[in-house]
Number of protein chains: 2
Amino acid sequence: MADIITPRTLSGFMELLPKDQVIFDKIRAVLEKTYSSYGFFPLDTPILEDSKILLAKAGGETEKQIYRFNKGDSDLSMRFDLTVPLAKYVAKNYSELTFPFKRYQIGKVYRGERAQKGRFREFYQADIDIIGDEKLNIVNDAEIPSIIYTIFTGLGIEDFVIRINNRKVLNGLYAILGLEEKAADIMRIIDKIDKIGRENVVAELAEIGITEDKVTTLLDLLLFKGSNEEVLANLEQFKGKNETFDLGFEEIQTVIKYIGVFGVPGDYYMIDLSIARGLDYYTGTVYETFIRKHPEYGSVCSGGRYDNLAEYYTKKSLPGVGISIGLTRLFYVLCENDFLNRSHENPVDVLVLPMTEDVTVAIDVAKQFRLAGISTQIYLEQGKFKKKMAYGNKLSIPFCVLLGEDEIAANKVTIKNMETGEQVTDTVENAIAVVKAKAEVTSKFVNM
Amino acid sequence: MADIITPRTLSGFMELLPKDQVIFDKIRAVLEKTYSSYGFFPLDTPILEDSKILLAKAGGETEKQIYRFNKGDSDLSMRFDLTVPLAKYVAKNYSELTFPFKRYQIGKVYRGERAQKGRFREFYQADIDIIGDEKLNIVNDAEIPSIIYTIFTGLGIEDFVIRINNRKVLNGLYAILGLEEKAADIMRIIDKIDKIGRENVVAELAEIGITEDKVTTLLDLLLFKGSNEEVLANLEQFKGKNETFDLGFEEIQTVIKYIGVFGVPGDYYMIDLSIARGLDYYTGTVYETFIRKHPEYGSVCSGGRYDNLAEYYTKKSLPGVGISIGLTRLFYVLCENDFLNRSHENPVDVLVLPMTEDVTVAIDVAKQFRLAGISTQIYLEQGKFKKKMAYGNKLSIPFCVLLGEDEIAANKVTIKNMETGEQVTDTVENAIAVVKAKAEVTSKFVNM
């Protein structure tokens, strides 16, 4: 016999038990179905790419985290996001694609970060992007939040808010206040407000030489809490002073107008001028999504508008707007906080338990259930009745079909509701009707 | 502006255009749905594993093909199949699992083979396995072909045959003929018969010292073409001479008896004593699946019964039976031979084309279609009517909804069937009915 190696999974790599995997997959299916229903094509790019191509833009922290290695003459890297592969794909297949090109991709990405609770080295991202050829209408930026809304409420996550800002508005404001050269530093500092508080933000802004009156103007504006109408009214005073600001102001007005038309109720989105999302990539609308009761989770779905998807791979101008859900991290948070709706953990609806050595009738009965659209498993092992029932209980299968000699002789089955304990002996047709009558109480996958 | 790097995808890595990806994903969905409906749990294991664990068993050719590298102190490898990760998973989570444990996994695996047309370095495998604790009833071996049958016919692949053999029958026969020491060589030679022909097989068998009469006995038996009943009748003469043979004979009889009960028509399976499938791993039933008109594709779905899934990771005896579809290769073959049913390449059923600058009504109409369960995209770009229609045509979207000022004023829409050119102006409700009335002609994804 071979030596035994203790089986283990690498730390930072999520590997779920079967019952959790069922729920994870159902959540993933909701995303896929929703994305498709809005006209996004699925996309599947390789996990391995030529390092020269994948790292065209990367640098600093990202590059250190890459899983990069040589095989033969090839310098290979595992993808660290789904955006760079999309840029490569669109540039490569430009002439074969129809623009606006809408695609979704749900796939694993890799970052060799320091291991830490709740941080993953292999994790799923679920991205959607709409890519235009030379231009892309701003109304697309209003459709994206409606997709997030459909997905989150479809999963059962009800208590969230999509925060929306516009980088042109911010850049215009900094220009008007004569702060454009320090804009990057200011945004970085303001971004820390939830962690360090307003007082410390003021102090840090003073440290980099922002005068007190400008700090006050800026913070009063960016941290203002009010309705979208009030925020827009606050911004009105800056109109006509800077072209970028005016453009951004018009964009955010249009986006806010149409989000409601797309069906997102007012409680679920708000302008938040304090969010900025990174510095070089986004050029217009930006989004972050927070669970209201749990701001500590951070943004669970973020994205925005960019001018140039693929500048490293093509001279064509390919503007786009998109958003990404960190699916593995979201699932981890839902698990840890016991938010998963465990009624979805069954692989099948019916378990057929033959009580005779010959299993011919049991197989035939299972076939009839499956033909009626009911997922059905047969327990094929020999053993005591108790052991067979225990299998159904352990897997939380809602119904068991018992087939003893009496049932077979009478051309009937006994169907048992495993939750209530009720059982009846009846024809297969009527047993199928019993299963079908028990509609799912809820189709939501998350309780929050 | 940055330097342009020519975008490319590594050779041996499949990256599909959107329309093909839609079909690939629908095929994958049929597999997932079928596997689930038989009670298999989904499983998703990491693509990266500790090399010591992943390569516990590997050696020779396999080990050379592994993508293996160091990151920090870790020696990592990308998985080359889904069986080793399953073995690790079951050994690691033994106490949390309920046996028989039925799981499916559809995932990418990696083999750094020499690049060659139709050979992939990154490819999907779609595996199912049923794992028992200490023992597993032989009837499970008969359920597996019924799942293959459901999937292949569900996809539209009608002209295939599942060939079934049993390693105990073979080993018993070799023992009875006094050839057990040369069994491995004999099986390897006979396995080449499709490539080199009977004459060369006879010659090679003579070369390794098999006497002519034994060659004749063996080949007459193993290459015999006849009904399952005839093959079994041929084998009857060896009963009672060897324990392993007797056990295998009983197993294959049981499997053949129950495959029909599970609903597989007689044309779709046959005993073929010439198939063996590798040498150490399988210990009982083995399967191969061939497309009748295209034996050159080789087996598109193979597997079998094994005694010990996880002997490198646990002392527990975990017998199982399983099968694997090489999904990427299968898809490649279907593409190359123009077998894909292209009516499945649309992302949505309806494209809404607003003809006014304000798109409020268009968004509202799209919402109503989507609420009725119809996938619907809105074309949000400004532009000429012709350009808008061209978008729908290029994406082969079946219906366009036109919304000009007249329609909006009359509270109606114009719906156009893009295939027939027919169009009517009517209420949204009636337009939805038009789309719903046009049922898919076929739900099959493959024409063969």
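Coordinates for the structure precede this section.
Summarised in this report is the structure supplied together with it. (Residues numbered from 1 in each chain as written. Chains lettered and ligands numbered in written order. Predicted model: local features only at pLDDT ≥ 70, side-chain atom pairs only at ≥ 80, totals over all residues. Heavy atoms only, no water.)

Here we come to the overall build of chain A. For chain A, the count of helices and strands is 16 helices and 16 strands. Relative to its 448 residues, chain A shows a buried fraction of 57%. The long-range fraction of contacts in chain A, counting pairs at least 24 apart against all pairs at least 6 apart in sequence, stands at 69%. When the accessible surface of chain A is totalled, it reaches about 18800 Å², and 47% of it is carbon and sulfur. Separation of charge centres in chain A, based on 55 positive and 65 negative side chains, amounts to 3 Å. (Helix = DSSP H or I, 4+ residues; strand = E, 2+ residues; numbered from the N terminus. Buried < 20%, exposed > 50% of the residue type's maximum accessible area, 1.4 Å probe, protein only. Contact = heavy atoms within 4.5 Å. Areas by Shrake-Rupley, 256 points an atom, 1.4 Å probe, with all protein chains shown as cover. Lys, Arg positive; Asp, Glu negative; His and termini not counted. Charge placed at Lys NZ, Arg CZ, Asp CG, Glu CD.)

Sheet strands line up and pair through hydrogen bonds in the backbone, either parallel or antiparallel. All names here are of chain A. Here three strands make up an open sheet; going across it, the order is S2-S4-S3 and the pairing antiparallel. Lying at the two open borders of the sheet, with one neighbouring strand each, are strand S2 (48-50) and strand S3 (68-71). Averaged over all pairs of adjacent strands, the angle between their axes in this sheet comes to 40°, without regard to strand direction. Looking at chain direction, S3 and strand S4 (residues 74-78) are connected through four bridges and run antiparallel. Bridge pairing in S4 links Arg-68 to Ser-77. (Pairing = 2+ DSSP bridges. Axes fitted to C-alpha atoms, helices over the stretch in contact; angles between N-to-C directions.)

Turning our eyes to something else, we now look at the packing of aromatic side chains. Enumeration according to the criterion identifies 35 aromatic pairs over all chains in this entry. Look at B:Tyr281 and B:Tyr306: their rings are 4.9 Å apart centre to centre, the planes differ by 20°, and that puts the pair in the stacked class. Taken together, the residues span a long stretch of sequence, with B:Tyr281 in the loop between strand S8 (269-271) and strand S9 (282-291) and B:Tyr306 in strand S10 (residues 301-306) at a distance of 25 residues. Exposure remark for B:Tyr281: the relative accessible area of 22% places this residue in the partly exposed category. Overall, B:Tyr306 belongs to the buried group, its relative accessible area being 2%. Site record: aromatic cluster; members linked through ring pairs are A:Tyr67, A:Phe69, A:Tyr110, B:Tyr67, B:Phe69 and B:Tyr110. In this structure, A:Arg370 is placed above the aromatic ring of B:Tyr38, and the distance from its NZ or CZ to the ring centre is 3.7 Å. (Phe/Tyr/Trp six-rings, centres within 6.5 Å; stacked < 30°, edge-to-face > 60°. Lys NZ or Arg CZ within 6 Å of the ring centre and 35° of its normal.)

Below, the discussion takes up the packing of helix H8 (residues 193-207) of chain A against helix H9 (residues 212-222) of chain A. Residue and element names in this part refer to chain A. Packing of H8 against H9 leaves a shortest axis separation of 10 Å and a crossing angle of 140°. Put simply, H8 runs oblique to H9. Remark: the crossing between H8 and H9 carries right-handed chirality. Contacts from Arg-198, Val-201, Val-202 and Leu-205 in H8 reach Val-215, Leu-219 and Asp-220 in H9. (Parallel < 35°, antiparallel > 145°, perpendicular 65-115°, else oblique. Left-handed = near helix turned anticlockwise from the far one by under 90°.)

With that out of the way, let us pick up unusual backbone geometry. All names here are of chain A. The omega torsion across Phe-99 and Pro-100 is -5°, close enough to zero to call that bond cis. With respect to the element layout, Pro-100 can be found in the loop between helix H4 (83-92) and strand S5 (101-110). Of note in the backbone geometry, Asp-338 takes a positive phi value of approximately 60° without being a glycine. For Asp-338, a relative accessible area of 59% corresponds to the exposed category. Unlike most non-glycine residues, Asn-411 shows phi in positive territory, near 60°. With respect to the element layout, Asn-411 can be found in the loop between helix H15 (405-410) and strand S15 (413-417).

Next up on the list: the pattern of salt bridges. Oppositely charged side chains may form a pair once their charged atoms are brought near each other. For the structure shown, the criterion picks out 54 salt bridges over all chains. For the salt bridge of A:Lys257 with B:Asp358, the shortest nitrogen-to-oxygen distance reads 2.7 Å. Note that A:Lys257 is positioned in helix H11 (residues 243-261) and B:Asp358 in the loop between strand S12 (350-354) and helix H13 (360-371), a pairing that runs across two chains. In this structure A:Lys257 comes out as partly exposed when scored by relative accessible area, which is 43%. (Salt bridge = Lys/Arg side-chain N within 4 Å of Asp/Glu carboxyl O.)

Residue and element names in this part refer to chain B. What the five strands build is an open sheet, ordered S13-S12-S14-S15-S16; its pairing is mixed. Across the chains shown, the open sheet's two edge strands, defined by having one partner strand only, are strand S13 (376-378) and strand S16 (423-426). Across the sheet, the mean angle separating the axes of adjacent strands is 25° when strand polarity is ignored. The pairing of strand S15 (residues 413-417) with S16 spans four bridges and is classified as antiparallel. Opposite Lys-416, over in S16, you have Gln-423 as the bridge partner.

Further remarks concern the interface of chain B and chain A. Taken together, the contact between chain B and chain A spans 101 residues of the former and 101 residues of the latter. With both chains or domains summed, chain B and chain A bury close to 8700 Å², and 62% of this area falls on carbon and sulfur atoms. Counting across the interface, chain B meets chain A through 12 salt bridges. Close ionic contact of B:Glu15 with A:Lys92 constitutes a salt bridge, the shortest N to O distance being 3.9 Å. Viewed at the interface, chain A and chain B are joined by 42 residue pairs in polar contact (both at pLDDT 80 or more). No other element matches helix H1 (residues 18-37) of chain B, which puts eight residues into the side of chain B that touches chain A. Its residues assigned to classes, the side of chain B that touches chain A comprises 51 nonpolar, 20 polar and 30 charged. (Buried area = accessible area lost by both parts, 1.4 Å probe. Polar contact = N/O pair within 3.5 Å; in protein donor to acceptor, adjacent residues only side chain to side chain. Nonpolar A, V, L, I, M, F, W, Y, C, P; charged D, E, K, R; others polar.)

Now for the relation of the copies chain B and chain A. Mapping chain B onto chain A leaves a residual RMSD of 0.1 Å; the transformation is a rotation of 180° accompanied by 0.0 Å of translation along its axis. Overall, the copies show the geometry of a two-fold rotation axis. Relative to the rotation axis, the C-alpha of B:Phe69 is the closest in chain B, positioned 3.1 Å from it. (Least-squares fit on C-alpha atoms with pLDDT ≥ 70 in both.)

Another point: the environment of B:Phe224. Residue and element names in this part refer to chain B. Tracing the backbone through its elements, the reader meets Phe-224 in the loop between helix H9 (212-222) and helix H10 (228-236). Linking Phe-224 and Asp-364, residues 140 residues apart in sequence, is a C-alpha distance of 67 Å. If near-sequence neighbours (up to four positions away) are discounted, Phe-224 is found in contact with Leu-219, Glu-230, Val-231 and Asn-234.

Turning our attention to helix H14 (residues 385-394) of chain B. It helps to recall that an α-helix has 3.6 residues per turn; residues three or four apart then point in one direction. Residues and elements named next belong to chain B. The set of residues buried in H14 consists of Lys-388, Met-389, Tyr-391 and Gly-392. Taken end-on, H14 shows its buried residues confined to a sector of 150°, consistent with a single buried face. Of the exposed residues in H14, the ones pointing more than 90 degrees away from its buried face are Lys-386 and Lys-394. Looking at the buried residues of H14, the elements they touch are S12, S13, strand S14 (399-403) and S15. Looking one or two residues past H14, Ser-396 carries a phi angle of roughly 50°, positive in sign. (Arc of directions from axis to C-beta.)

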